[in-house]
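Chains, contacts and geometry: an overview
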Amino acid sequence: MLETVLITLLIVAISIVLLGVRVFFTKDGKFPNSHVSGNEALRKKGINCVQSQDREARKKSHFSPL
């Protein structure tokens, strides 16, 4: 049982280090922005995140909430 927990913790630690290589080992390292608004190609196509589109649609709505 203890051996399984230790192996699991080791695998998780190795995974975190490998995912963060760019962050940990570069001078100005930071995780990439994976949000839709952070993707330049999607912005050029006019694609926004659903929350932003919903917010804009509510502002444009002529109906007031009850």
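What counts and how
- In this numbering scheme, every chain counts its residues from 1 along its sequence in written order.
- Where local features are concerned, this predicted model is filtered to residues with pLDDT of at least 70; where side-chain atom pairs are given and counted, the filter is 80 or more; whole-chain, interface and lining totals use all residues.
- The basis for the side-chain values is all heavy atoms of the structure; hydrogens and waters are excluded.
- Helix and strand definitions follow DSSP, with helices as H or I runs of at least four residues and strands as E runs of at least two, each counted in order from the N terminus.
- Our radius of gyration looks at C-alpha atoms and nothing else; its globule reference is 2.2 Å times the residue count to the power 0.38.
- Remark: exposure states derive from per-residue accessible area (1.4 Å probe, protein chains only) relative to the maximum for the residue type, with buried under 20%, exposed over 50%, and partly exposed in between.
- To measure how exposed things are, a 1.4 Å probe is used in the Shrake-Rupley method; for residues, cover is taken only from the protein chains shown.
- By the counting rule applied here, Lys and Arg register as positive and Asp and Glu as negative, while His and the ends of each chain are not counted.
- The atoms used to mark charge sites are NZ of Lys, CZ of Arg, CG of Asp and CD of Glu.
- When a carboxyl oxygen of Asp or Glu is within 4 Å of a side-chain nitrogen of Lys or Arg, the pair counts as a salt bridge.
- A score from 0 to 100, pLDDT tells how confident the predictor is in each residue.
- A helix is expected to span 1.5 Å for every residue after the first.

**Considering the overall build of the protein chain**
A tally of regular secondary structure across the protein chain gives 4 helices and 0 strands. For 66 residues, the compact-globule estimate of 2.2 N^0.38 gives 11 Å, and the C-alpha radius of gyration of the protein chain, at 21 Å, exceeds that figure by more than 25%. Taken along the three principal axes of its C-alpha coordinates, the protein chain extends 60 × 35 × 20 Å. Within the span of the protein chain, comprising 66 residues, buried residues form 3% of the whole. Only carbon and sulfur atoms are counted for the fraction: they give 64% of the accessible area of the protein chain, which is about 6500 Å². Distance from the positive charge centre (10 side chains) to the negative charge centre (5 side chains) of the protein chain: 9 Å.

**Comments concerning the pattern of salt bridges**
A complete count under the given rule lists 2 salt bridges for this structure. Here Glu40 makes a salt bridge to Lys44, at a shortest N to O gap of 3.6 Å. Here Glu40 and its partner Lys44 are both found in helix H3 (residues 40-44), 4 residues apart, which amounts to about one turn of the helix. Linking Arg58 and Asp54 is a salt bridge whose minimum nitrogen-to-oxygen distance equals 3.0 Å. In this pair, Arg58 and Asp54 are both assigned in helix H4 (residues 50-60), 4 residues apart and thus about one turn of the helix distant. The exposure class assigned to Arg58 is exposed, which follows from its relative accessible area of 62%.

**A few points about the confidence of the model for the protein chain**
Across the protein chain, the average pLDDT comes to 82, with 91% of residues at 70 or higher. Within the protein chain, the element-level pLDDT minimum falls on helix H2 (residues 21-25), averaging 79, and the maximum on helix H1 (residues 2-19), averaging 94.

**Some words on the environment of Pro32**
By the secondary structure assignment, Pro32 is in the loop between H2 and H3. Residue classification places Pro32 among the exposed positions, given a relative accessible area of 56%.

**Some points on H1**
The end-to-end C-alpha separation of H1 is 26 Å, in line with the 26 Å expected for 18 residues at 1.5 Å each. For H1, a buried count of 0 out of 18 residues is recorded, marking the element as mostly open to its surroundings.

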